[in-house]
Amino acid sequence: MRALLILLLACLTSAQAFAQGDRNAAVLITIVDETRAVLPGAMVTLTGIDASNKAEVIKPEPTSQQGQVKFENLRPGRYSIAAEFPGFQTRALPDVRI
């Protein structure tokens, strides 16, 4: 199977957001293969992994024609990011701070 890579382009939060626990964090993710070609239509899932967002599983979203997906209105914290695409191994980033 071919490898699937997850590139984390931006984690946008404010220091104040961590103190308040508001839902004002966002992340932009680009999915590429081993040749760095983008993968439109890859399914990306975010799952909360710390106390502030543990029950939070974000509905899987497909990537755009540019291989990107943006998740907004997130609680700041730690997340696992997983990506799936037919013919590729599922890949995950197990501990990403957003």
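See above for the structure.
One structure accompanies this document, and this report is about it.

Rules behind the numbers
Residues numbered from 1 in each chain as written. Predicted model: local features only at pLDDT ≥ 70, side-chain atom pairs only at ≥ 80, totals over all residues. Heavy atoms only, no water. Pairing = 2+ DSSP bridges. Helix = DSSP H or I, 4+ residues; strand = E, 2+ residues; numbered from the N terminus. Phe/Tyr/Trp six-rings, centres within 6.5 Å; stacked < 30°, edge-to-face > 60°. Buried < 20%, exposed > 50% of the residue type's maximum accessible area, 1.4 Å probe, protein only. Axes fitted to C-alpha atoms, helices over the stretch in contact; angles between N-to-C directions.

### Observations regarding the pairing of strand 7 (residues 91–97)
Link 1 in the chain: Taken together, the 5 bridges between strand 6 (residues 78–84) and strand 7 define a ladder with antiparallel strand orientation. Note on strand 7: the bridge partner recorded for Ala 83 is Arg 91.
Link 2 in the chain: Turn length for the strand 6-strand 7 hairpin, with the two strands adjacent in sequence and antiparallel, is 6 residues, and the turn residue Gly 87 shows positive phi of about 85 degrees.

### What about the packing of aromatic side chains?
Link 1 in the chain: Scanning all chains against the criterion turns up 1 aromatic pair.
Link 2 in the chain: On the basis of an interplanar angle of 65 degrees and a centroid distance of 5.5 Å, the ring pair of Phe 85 and Phe 88 is categorised as edge-to-face.
Link 3 in the chain: Its relative accessible area of 6% is what places Phe 88 among the buried residues.

### Some remarks on the sheet that holds strand 4 (residues 57–62)
Hydrogen bonding along the main chain pairs the strands of a sheet, whether they run parallel or antiparallel.
Link 1 in the chain: Spatially, the 4 strands line up as an open sheet ordered 4-3-6-7, and their pairing is antiparallel. Here the strands that pair on one side only, and so sit at the sheet edges, are strand 4 and strand 7. Between one strand axis and the next, the sheet turns through 20 degrees on average, direction left out of account.
Link 2 in the chain: Taken together, the 6 bridges between strand 3 (residues 43–48) and strand 6 define a ladder with antiparallel strand orientation. Opposite Met 43, over in strand 6, you have Glu 84 as the bridge partner.

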